[in-house]
Amino acid sequence: MNLAHDPWIWIGALLTLAIFSFLYRDNPFYKTAEHIFVGVSNGYAVTFYWHNILVPVLFNPLFRGRLILIIPLIIGALYFTRFIPKVSWLVRIPIGITIGYYTGVSIPAGIEASIIKQVQGTILSPANFRAWHAGSWGILWSVILFIGVLCVVSYFYFSREHKGVLKVTSRIGIVFIMIGFGAAFGYTVMGRISLLIGRLQYLFGNWLGVIK
Amino acid sequence: MKRTFPLILLMLFGVFGILPSFLPHPVIQGADEFVRNDLLRIITAFALVLGLGSLLRLHFEKIKRHAENWPYSWILVITFFITSIIGLFGGISGHGILPTRIGSFPFDIQTLYLRIEVPLGATMFALLAFFMASASYRAFRARSTEATLLLSAAFVVMIGILPLGDRISHRLPAFAQWIMDLPLVAGQRGIGFGIALGGLATELKIILGIERSWLGGGE
Amino acid sequence: MKFIERLTAIDRRIIYLLLALVTILPMLFPIAQKVRVMSPVEKCFNALDTIRADKALIIDFDYTPQDMPELEPMGLAMLRHAFTRRIKVLVLCLYVQPLGLAQAALDQIVPEFNNRAQSNADSIIYGRDYVFLGWQPPPLIPILGMGESITNVFKRDYYGNQTDTLFLMKTIKNYGNVELLISLSAGSIPLSWVAYAQNRFGVKIATGCTSVSAGDFYPYLQSGQFSGLIVGMKGAAEYEELLARKLNFQTRRKAGESLSSITFAHLTIMLFIIIGNIGFFMKRRKK
């Protein structure tokens, strides 16, 4: 065992154990650590918003004569009208601008990336057959993918009762969805275990010095 | 007016957001740059200030009313102010007007982040491994054909992606990869189309003023 | 009957303890594991490896402490890869939380190279070989803005230097000078890079993601929108394996070391699921 000499590692280890104590039951150590986390992370955010955004992007240029920045300053300040009941409706202005712009920008981007390109990846084309790098098996995989996507989409079509052909296709769709979810669950297990491993490596490696 | 004016603003900025994708004219691009680089950046910064203000207000109320767990609110407020002061006056790299070191013991903002926030944040999510194990044991049942399919795929992937899978059979990792490349893609793509089309419909409803929930209550 | 009930009623704390034990023991008694590299990681490796000398690589460090164990090994491996091949690197973050971790990664890797360097030419010099651009919210600003001018979006870098005075930024102006962008993220930010940066400006995107997000990104790998995909700790271990195999880069493989723990943990969870199901079916049969 080679215990750490750095006091910060001891602090980190004790905070880690405080969070892990929640596994037994909720307790004051866990609550304390939780509140420290929220306090420190918000303090960290404030630091960077001030040094990286408000000073170089707003205050410095404004005081150097770029007066057009008064417009975003006023619009941003309207957020605080939320606390004044008589004029609280003004908060809708910065919200409307933000939501409006983001919504507008995402429409063509979403159509291209999430619909058109995905359809291109699904259709039965020589390029898609070759993309599998599996020779003639690529044709079979592309056909299965094409059928699978259509069947999954048919499963989510609820405007008609799932009878006849629609019943068959939606059953096939369910099979694809279940296999996909199973695979996703398998990966999720690995993901969660990885997070645990990270913390145990810190405790047993950095703090206790039991592992290299 | 109180609802109409913001709706009109949203529609104008919504249409303006779409334009640069189709009109590469310098005037449009220049205006787009101003909206992105100046207007939205500064508005976003104020949104954070608002969020922080709301958080602090909530906890000061808890302290004032002596609500449940109110002493912990003091911990949050105190750590927030200490961290903010160290960051604001100590600087990002620890070379501000406030000294951020006592002998060989540093307490600059980067140290606070790496030594306090990282262990806490990482451990909170590490708890999920335990909850997932417990939930899998209690709730994961092969009650139907579909559930059995899901379970089987999960087992194949859980073993196949690891070196153990390669030891069991050289075909197992390839089979696990095939499950990711084909059935998973088919399932996720079908779901993705639904989400994309639904999202597109919602975005159009927002821009056209049909969807107004963002306005909130009141006049 | 008692046995069936015991089977389905194991105390959760025993489950937690068992899981902790099977994860800790392989760390104390490590077992060497041979890593098989799969095609999504190989694609990402090749995409980075073939970046031309006059182009740059952008790495978007967007992992938080919560995702660090899975994504940090990938980030470190990519930095090692890029610096070994003398590829120019721009590092940025789209959110504030990852900033400290991005700095920590650079603070770890750059000295690794400089301690071995025998001349200025061998060293990794800030401003010449890499730049840490920092963070400019909201995410859409840098994603769209860098298509026109990187220095317009990031007027100052993370350390406060004016970016247009840095040597590297005199040749790397916008996405036209960037051959590949890799996003290391736990969320859906890689899809934003694809939707905005790739669609409008044609930049190649690859991603390193957490295991939980893998399902969301595989369709984009299949359609060619991602040039490569590294998933979780296993993906990071594969990338480390490629670094060792193809570039003969010998260093501690943080992700690879964890594979034995992951293996035993997976087997334990599978056992829990099987035990739970045996108890369930036995109870059902009894009824």
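Residues numbered from 1 in each chain as written. Chains lettered and ligands numbered in written order. Predicted model: local features only at pLDDT ≥ 70, side-chain atom pairs only at ≥ 80, totals over all residues.

Asker: So what's going on with the overall build of chain A? Residues and values would help.
Answerer: A tally of regular secondary structure across chain A gives 7 helices and 0 strands. Taking 212 residues into account, the globule formula puts the C-alpha radius of gyration at 17 Å, and chain A, at 28 Å, lies well above it. With respect to the three principal axes, the spread of C-alpha positions in chain A is 65 × 60 × 35 Å. Looking at chain A residue by residue over its 212 residues, the buried ones come to 46%. Restricting the contact set of chain A to residue pairs at least 6 apart, pairs at least 24 apart contribute 25%. (Helix = DSSP H or I, 4+ residues; strand = E, 2+ residues; numbered from the N terminus. Rg over C-alpha atoms; globule rule 2.2 N^0.38 Å. Buried ≥ 20, exposed ≤ 12 C-beta atoms within 10 Å, placed from the backbone. Contact = placed C-beta atoms within 7 Å.)

Asker: I'd like to hear about the pairing of strand β2 (residues 88-93) of chain C, residue by residue, with values.
Answerer: All names here are of chain C. With 6 of 6 residues buried, β2 lies mostly within the body of the structure. The pairing of strand β1 (residues 56-62) with β2 spans 5 bridges and is parallel. Bridged to Ile59 within β2 is Val91. In this view, the connection linking β1 to its parallel neighbour β2 by way of helix α4 (residues 68-84) has right-handed handedness. (Pairing = 2+ DSSP bridges. Right-handed = clockwise from strand over helix to strand, strands pointing away.)

Asker: Now, about the sheet that holds β1 of chain C: what can you tell me, with residues and values included?
Answerer: Residue and element names in this part refer to chain C. Spatially, β3-β2-β1-β4-β5-β6 is the arrangement adopted by the 6 strands of the open sheet, whose pairing is parallel. Both edges of this open sheet fall to β3 (130-135) and β6 (226-231), since each of them pairs with a single strand only. This sheet shows a mean twist of 15° between the axes of neighbouring strands, independent of strand direction. Note: strand β4 (residues 178-185) against strand β5 (residues 204-209), 6 bridges, orientation parallel. (Axes fitted to C-alpha atoms, helices over the stretch in contact; angles between N-to-C directions.)

Asker: Go over the interface of chain B and chain A, please, and point to the residues and values.
Answerer: At the interface, 93 residues of chain B touch 97 residues of chain A. Of all the secondary-structure elements, those providing two or more residues to the side of chain B that touches chain A are α1 (4-18), α2 (26-65), α3 (70-90), α4 (109-139), α5 (145-160), α7 (171-181) and α8 (183-207) of chain B. For the side of chain B that touches chain A, the element with the most residues is α4 of chain B, which contributes 20 residues. Grouping the constituent residues of the side of chain B that touches chain A by class yields 65 nonpolar, 19 polar and 9 charged. (Nonpolar A, V, L, I, M, F, W, Y, C, P; charged D, E, K, R; others polar.)

Asker: Could you give an account of the interface of chain B and chain C, with specific residues and numbers?
Answerer: In this assembly, 44 residues from chain B lie in contact with 45 residues from chain C. With 16 residues, the single largest contributor to the side of chain B that touches chain C is α4 of chain B. Partitioned by chemical class, the residues of the side of chain B that touches chain C number 24 nonpolar, 11 polar and 9 charged.

Asker: Lay out helix α4 (residues 92-122) of chain A with the relevant residues and their values.
Answerer: The end-to-end C-alpha distance of α4 of chain A is 42 Å, a good match for the 45 Å that 31 residues give at a rise of 1.5 Å each. Most pronounced at Gly110 of chain A, the bend in α4 of chain A amounts to some 35°. (Expected span 1.5 Å × (residues − 1). Bend = angle between axes of the 7 residues up to and from the residue.)

Asker: An account of the domain arrangement of chain C is needed here, citing residue identities and associated values.
Answerer: Examined at the domain level, chain C breaks down into domain 1 (1-30 + 258-287) and domain 2 (32-251). Centre-to-centre, using C-alpha coordinates, domain 1 of chain C lies 39 Å away from domain 2 of chain C. (Domains from an automatic or database assignment.)

Asker: I'd love a proper account of the nonpolar core, names of residues and values included.
Answerer: Grouped together as the largest cluster of nonpolar side chains are 197 residues, with contacts concentrated most on Val157 and Ile179 of chain B together with Val91 of chain C. Among the elements that make up this core, the one with the highest residue count is helix α7 (residues 165-207) of chain A (19 residues). (Core = buried A, V, L, I, M, F, W, Y, C linked by C-beta atoms within 7 Å.)

Asker: Describe the pairing of β6 of chain C, with residues and values.
Answerer: All names here are of chain C. Judged by how many residues are buried, β6 sits mostly within the fold: 6 of 6 residues are covered. Looking at chain direction, β5 and β6 are connected through 4 bridges and run parallel. Opposite Gly208, over in β6, you have Ile230 as the bridge partner. Taking the sense of rotation as the criterion, the β-α-β connection linking β5, helix α9 (residues 214-222) and β6 turns out right-handed.

Asker: Which residues make up the environment of Ile19 of chain A, and what values go with them?
Answerer: Tracing the chain through its elements places Ile19 of chain A in helix α1 (residues 7-20). Sequence separation of Ile19 of chain A and Glu34 of chain A is 15 residues, and the distance between their C-alpha atoms is 7.5 Å. Excluding residues that lie within four positions of it along the chain, Ile19 of chain A makes contacts with Tyr30 and Ala33 of chain A together with Leu120, Thr123, Met124 and Leu127 of chain B.

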